Amino acid sequence: MSTPGALWRSSHPGPTSIVTALALAFGWAAGLDPARAGLLALAVFAGQLSVGISNDAIDAPRDRMASRPDKPIARGDVGLPVAWGAALAALAAALMLSALLGWRMLAAHALALGSAWAYNAGLKSTAASIVPFLVSFGIFPSLATLSAPQPAFAPPWAWIAGAALGAAVHLTNVLPDLDQDAATGVRGLPHRWGPRVATTVAACAVVAGAVMVLIGSAGGDLSGVSAVSWVFFAGVVVVAAATVTAAFLRPPSRALFRLVMLAALLLAAQLIAADPVLAA
């Protein structure tokens, strides 16, 4: 595998791509012009590269112990110095691109990335492992509104919906790796809860996020919610129900994480279809 290919595989390309797409969706919903929306997407993309690569660089010794064939750094396809250089370069690029959108966006993105790096650096192995996801995803909608010419934080309902989504992502992302994590001493909140409890809470969280988007974007008046918004909301509920069902019928797998990511995309589509004004 080439070095660029190994670094891309180490960046967790699925989540990186989805989070970047969500940034574009929020930018569109916040009314950003194409240039600002593009800068926002590039900043978020670079930030996600830094988070993913640094995660695998920190975990390389544990991944070698667990014989993870899907981890290029642990396999030696790319050296640790190169991986760390790429992670730090991506972090610097994310902050520089954010600065072009204003100091408020820079501060918010720095907080989100600092929280994510703190997870990588050790919080993942504690009962507080969910906190970085609540922080980073909670502030995520505000990255779009703070990128506007007249920056403002997203309203409370958007913070709550983002945090709920972050909780769901965290609680399901680790499920396929529970046994390997246990062997290497990683015991975050979902490890302590177990797969069925973690998945059930994740499903409830993503539905709660969809409810917040539905109510918040309509200003509390559900009679004004469009039929398309209701369809996407129903899709989130169906996917959440499928997630819980799969958790009880099958062993933990990457499919559970993919279902939550599908729910995330439906949430973004629901938000855009509702045509809300994200800025408070």
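It should be emphasised that the depicted structure is a prediction, and the values quoted were computed from it without experimental measurement.

Caption draft 1: Representation of the packing of helix α2 (residues 13-29) against helix α7 (residues 131-145) within the structure. Contact geometry for α2 and α7: axes closest at 8 Å, N-to-C directions at 50°. Judged on the interaxial angle alone, α7 and α2 are oblique. Considering how the two elements wind past one another, α2 and α7 form a crossing that is right-handed. Counting all contacts with α2, which are made through V19, L22, A23, F26 and G27, the residues of α7 involved are F140, P141 and A144. Among the residues forming the contact of α2 with α7, the class breakdown is 7 nonpolar, 1 polar and no charged.

Caption draft 2: Just the pattern of salt bridges, in detail. Per the counting criterion, the structure on display carries 4 salt bridges. For K71, the salt bridge is made with D56, and the minimal N-O distance between the two is 3.3 Å. Pair noted here: K71 is in the loop between α3 (34-65) and α4 (72-75) and D56 is in helix α3, with a separation of 15 residues, a long-range link. No difference in accessibility class separates K71 from D56, as the two residues are buried. Overlapping salt bridges bring together D59, R62 and K124 as one network.

Caption draft 3: Summary view of helix α5 (residues 80-99). The first and last C-alpha atoms of α5 sit 29 Å apart over 20 residues, in line with the 28 Å expected at 1.5 Å per residue. Turning to α5, its buried residues number three or more, namely A83, A87, A90, L91, A94 and S98. Across the axial projection of α5, the buried residues extend over an arc of 100°, all falling on one side. In α5, the exposed positions angled more than 90 degrees off the buried face are occupied by P81 and M96. Of the surrounding secondary structure, the elements contacted by the buried residues of α5 are α1 (3-10), α3, α4 and α6 (103-121).

Caption draft 4: How the structure looks around empty space enclosed by the protein. Scanning the model with the defined rule gives 1 cavity of 30 Å³ or more in all. Approximately 170 Å³ is the volume found for the largest cavity. Along its surface, the largest cavity is lined by 16 residues, and F26, A161, G162, L165 and L267 are the ones closest to its centre. If you list the elements that add at least two residues to the lining of the largest cavity, you get α2, α7, α8 (156-173) and α13 (254-274). Each residue belonging to the lining of the largest cavity can be placed in one class, and the counts come to 15 nonpolar, 1 polar and no charged.

Caption draft 5: A look at the side chain of S50. In this fold, S50 is placed in helix α3. Of note is the side chain of S50, whose polar atom sits 3.3 Å from the side chain of W117. In this structure, S50 is in contact with A87, A90, L91, L113 and W117, ignoring residues within four places of it in sequence.

Caption draft 6: Expanded view of unusual backbone geometry. At H12, a residue that is not glycine, the phi angle is positive and equals roughly 60°. For H12, the position within the fold is in the loop between α1 and α2.

Caption draft 7: Here's a closer look at the nonpolar core. With 63 residues, the main nonpolar core has L40, F140, L165, V169 and V206 as its most contacted residues. Secondary structure elements with two or more residues in this core: α2, α3, α6, α7, α8, α11 (195-217), α12 (227-249) and α13. If you tally residues by element for this core, the top one is α13, at 10 residues. With sequence-adjacent residues up to four places away left out, F140 is seen in contact with V19, L22, A23, F26 and V44. Formed by 16 residues, the second largest nonpolar core is a distinct cluster that contains L7, A57, A83 and A87.

Caption draft 8: Summary view of the environment of L97. Among the structural elements, L97 can be located in helix α5. Ignoring anything within four residues of it in the chain, the contact list for L97 reads L39, L42 and A43.

Caption draft 9: A look at the packing of aromatic side chains. For the structure shown, the criterion picks out 7 aromatic pairs. Ring geometry for W84 versus W117: centroids 6.2 Å apart, planes at 45°, classification tilted. One end of the pair, W84, is in helix α5; the other, W117, is in helix α6, with 33 residues separating them in the sequence. Accessibility expressed as a relative area gives 29% for W84, which makes it partly exposed. Between the aromatic rings of Y119 and F133, the centroid separation amounts to 5.1 Å while the plane-to-plane angle is 90°, which identifies the pairing as edge-to-face. Residue Y119 is located in helix α6, and its partner F133 is located in helix α7; the two are separated by 14 residues in the primary sequence. The two residues Y119 and F133 agree in class, both being buried. Connected via pairs of aromatic rings, a cluster forms that spans Y119, F133 and F137.

Analysis parameters
Numbers given to residues run from 1 along each chain, matching the order in which its sequence is written. Side-chain atom pairs in this predicted model are given and counted only at pLDDT of 80 or more, local residue features only at pLDDT of at least 70, and totals for whole chains, interfaces and linings cover all residues. Water and hydrogen atoms play no part in the side-chain values, which are based on all heavy atoms of the structure. Axes, fitted as lines to C-alpha atoms, cover a helix only where it is in contact. Angles between the N-to-C directions of the axes lie from 0 to 180 degrees. For the purposes of this entry, the term helix denotes a DSSP run of H or I that reaches at least four residues, the term strand denotes a run of E that reaches at least two, and both are numbered from the N terminus. For classification purposes, an angle smaller than 35 degrees is called roughly parallel, one larger than 145 roughly antiparallel, one from 65 to 115 roughly perpendicular, and anything else oblique. Throughout, a crossing is termed right-handed when the near helix is turned clockwise from the far one, and left-handed when it is turned anticlockwise from it by less than a right angle. Residues are treated as being in contact if the distance between any of their heavy atoms lies within 4.5 Å. Under this grouping Gly is polar, as are all residues other than the nonpolar Ala, Val, Leu, Ile, Met, Phe, Trp, Tyr, Cys and Pro and the charged Asp, Glu, Lys and Arg. A carboxyl oxygen of Asp or Glu within 4 Å of a side-chain nitrogen of Lys or Arg is what we treat as a salt bridge. Using a 1.4 Å probe on the protein chains alone, a residue whose accessible area is under 20% of its type maximum counts as buried, one over 50% counts as exposed, and one in between counts as partly exposed. Helix span, expected: 1.5 Å multiplied by one less than the number of residues in the helix. This arc is taken over the directions from the axis of the helix to the C-beta atoms. Within this scheme a cavity is a closed region of a 1 Å grid, computed over the protein atoms alone, that accommodates a 1.4 Å probe without allowing it to escape, whereas a pocket is open but has protein on both sides within 12 Å along at least five of seven lines; lining residues each have an atom within 4 Å of a point. Grid points are joined across faces, edges and corners, and a volume is the space filled by probe spheres set on the points. Contacts described as polar in this section are N or O atom pairs within 3.5 Å, which, within protein, must combine one atom able to donate a hydrogen with one able to accept it, while residues neighboring in sequence count only if both atoms come from side chains. Side-chain atoms within 4.5 Å link the members of a nonpolar core, which is a set of buried Ala, Val, Leu, Ile, Met, Phe, Trp, Tyr and Cys residues. Only centres within 6.5 Å qualify two rings of Phe, Tyr or Trp (six-membered ring in Trp) as a pair; their planes then separate them into stacked at under 30 degrees, edge-to-face at over 60, and tilted for everything else.

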